[in-house]
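Below, each chain spelled out in residue letters.
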Amino acid sequence: MMRPELFSTMITIFLFFVVILAQVGGEGGAGPNEFLSQGDSALATDQIKEAIAHYEQGISSLTVDDSLVVSLSLHTNLGTALSSAGKAEEAVASYAKAVLLHSDEAEQIEDETTKKEAADIASQASFYLGMTHQELGNPQKAADAYAFANMLDKWHWSSVANLGAVLHDELKQPAEALAAYNKAVEILTQTKVEPTDAPHDPRYILSQLQYRIGLTIIADPKRKCAMQDKPEQEVPCTEMAANAFSLALEYDRDNENARHMLASITADGTMERASTSYVAQLFDDYAGNFEHSLVEELGYNGYERLRRGFDRAFGGRENIPRNFSVVIDAGCGTGLAGEQFRNVSEYLVGVDLSAAIIEESKKARPNLYDKLIVGDVAEVFRKLKPVSLIIAADSYIYFGDLVPVFKAMQEGVGNEGIIAFTLENVSEDFEKSLYETKPDWRWQLTPSGRFAHRKGYAELIGEQHNFQLIHYERMDSFRLENGVGVRGHLFVMQKHVQDEF
């Protein structure tokens, strides 16, 4: 059985393949096998009328003794030829005949190989039936046919992909569409069985599927979302959609639709910060291999660059005016940044949400800090005021909205005190997309789950909390992410409180 490439106006992203089912040979003579072979040859060379004639002759010559596989192939390929001739209604009848024949006679087949071959052909017939119904504007019939195709062949990824498209685009059933898209993703990402008609470039298809998954998640503003393994715990739908769009970009960096949607829903999105429990658990799990992974594997150097930028803020290390009496290393980790600032700190405090990472810090640099605290940095800023210097190397990337942390620094830092911190930035291409869609964007949830911030936003929040920018630097490639350099920037600000009259 064969079918030429057919592009649906609604779902072209999934239909980039040519399917040719195995021909069934015969013993000669003008019987069904020969007519099938002649029809296939004619169809392959675009002799559509001849193909139709051969298939119809083959069907007319069928007897009760002929193989169901031959009969299914004749009806299915006739449907393909009729579709190519623009006779969609007749094609529907031919595909439907193949599906019904299989339903009526498949149970009589004893040989398992033959039974599977018949089911595969019937599955393709039902798939093409769905495509043709879609062309004719029969979305519900198309959906039914796609679903039946996947029932006959559970590895038929394109049937559930197209089912998702019909459910979402035409029947407006996003929840059902989401289930179909997820099933297609599962088929393409499992490694036990070769998917039916596996795409030549699965990453491109997976990118398109993840993009459409994101669309289904945000299609219903009243939808409530949860992770499959924790159905009782509600998760913001925009966060889940952002993850899908991010995955789409990981599979295909050129997926501009996914890039646009990610920019649209996560720039200044409702997710204002990562939860403290999430960050604590993340680094508890990561603690044992934290420094090796970060520095040796990911090439992280932000802590060193923060110190160099800090020195340049004063015109060089030799011009730093004083030792700072109380210094807080916010999100201290194992002490990479703290070590850089020890020589300007009279009293150095390390703060981190992760108890495990604090223990690793004690092992790695046992005499570095005067005090180590497991807790939220905002509470410590207020508790130890007046603080003379706060350093935060890659710590504020778990905040989207910077207002709460700046408010805490405003309350904790003494007048003329300094804050020096790094933030992530988005890629240059993504930054361009953001400026086109929302030029005053503030923060952006990245595929890594961290937040990136616009330089102007950080400056504005600083000014609103009495912090004046005294030094700024870009930090390109301060860490690798999937082998690609991450963009960032560092800020050094000083607190100034206006005299009240």
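Everything numeric here is computed off the predicted structure, so don't read it as measured data.

### Some thoughts on the nonpolar core
By size, the foremost hydrophobic cluster in this structure holds 97 residues, and its most contacted members are Phe381, Ile390, Tyr396, Leu402 and Phe406. Looking at this core, the element that brings in the most residues is helix H8 (residues 174-189), giving eight residues. If near-sequence neighbours (up to four positions away) are discounted, Leu402 is found in contact with Tyr396, Leu423, His453, Tyr457, Ala458 and Ile461.

### As for the packing of aromatic side chains
Scanning the entire structure with this criterion turns up 17 aromatic pairs. Ring geometry for Tyr95 and Tyr128: centres 5.8 Å apart, planes at 40°, overall tilted. Highlighted residues: Tyr95 in helix H4 (residues 88-105) and Tyr128 in helix H5 (residues 112-135), separated in sequence by 33 residues. With centroids separated by 5.7 Å and ring planes inclined at 50°, the aromatic side chains of Phe127 and Tyr146 adopt a geometry described as tilted. With Phe127 in helix H5 and Tyr146 in helix H6 (residues 139-152), this pair connects stretches of sequence that are 19 residues apart. In this pair, the class of Phe127 matches that of Tyr146, namely buried.

### Things to note about the state of the cysteines
Applying the stated criterion across every chain, the model contains one disulfide. Across the disulfide from Cys225 sits Cys237; the S-S distance is 2.0 Å. Taking the torsion about the sulfur-sulfur bond, which here is approximately 105°, the covalent link between Cys225 and Cys237 counts as right-handed. With Cys225 in strand S3 (residues 225-227) and Cys237 in helix H10 (residues 237-251), the pair connects residues that are twelve residues apart, well separated along the chain. Overall, the relative accessible area of 14% leaves Cys237 in the buried class.

### Focus on the environment of Glu473
When you line up the elements, Glu473 lands in strand S12 (residues 467-481). Under the relative-accessibility criterion, Glu473 is labelled buried at 16%. Once residues lying within four places of it in the same chain are set aside, the contact partners of Glu473 are Gly309, Arg312, His489 and Leu490. There is a polar contact of 2.6 Å between the side chain of Glu473 and the side chain of Arg312.

### Section: the pattern of salt bridges
Per the stated rule, a full pass over the model turns up 23 salt bridges. A salt bridge links Glu428 to Arg474; the nearest nitrogen and oxygen atoms lie 3.8 Å apart. Residue Glu428 is found in helix H19 (residues 428-437), and its partner Arg474 is found in strand S12; the two are separated by 46 residues along the sequence.

### As for the side chain of Asp394
Note on placement: Asp394 falls in the loop between strand S8 (387-392) and helix H18 (403-412). Apart from the residues lying within four places of it in its own chain, the contact partners of Asp394 are Tyr300, Thr422, Phe478 and Arg479.

### Describing the pairing of strand S13 (residues 484-495)
The buried fraction of S13 is high, at ten of twelve residues. In this sheet, S13 lies alongside strand S9 (residues 413-424) in antiparallel orientation, the contact comprising seven bridges. Looking at S13, one finds that Ile419 is bridged to Met493. Two strands pair when backbone bridges link them, and S12 and S13 are joined in this way by eleven bridges, in the antiparallel orientation. Bridge pairing in S13 places Arg474 opposite His489. Connecting S12 to the next strand, S13, in antiparallel fashion are two residues, including Asn482 with a positive phi near 55°.

Procedures and definitions
- Residues numbered from 1 in each chain as written.
- Predicted model: local features only at pLDDT ≥ 70, side-chain atom pairs only at ≥ 80, totals over all residues.
- Heavy atoms only, no water.
- Core = buried A, V, L, I, M, F, W, Y, C linked by side-chain atoms within 4.5 Å.
- Buried < 20%, exposed > 50% of the residue type's maximum accessible area, 1.4 Å probe, protein only.
- Helix = DSSP H or I, 4+ residues; strand = E, 2+ residues; numbered from the N terminus.
- Contact = heavy atoms within 4.5 Å.
- Phe/Tyr/Trp six-rings, centres within 6.5 Å; stacked < 30°, edge-to-face > 60°.
- Disulfide = S-S within 2.5 Å.
- Polar contact = N/O pair within 3.5 Å; in protein donor to acceptor, adjacent residues only side chain to side chain.
- Salt bridge = Lys/Arg side-chain N within 4 Å of Asp/Glu carboxyl O.
- Pairing = 2+ DSSP bridges.

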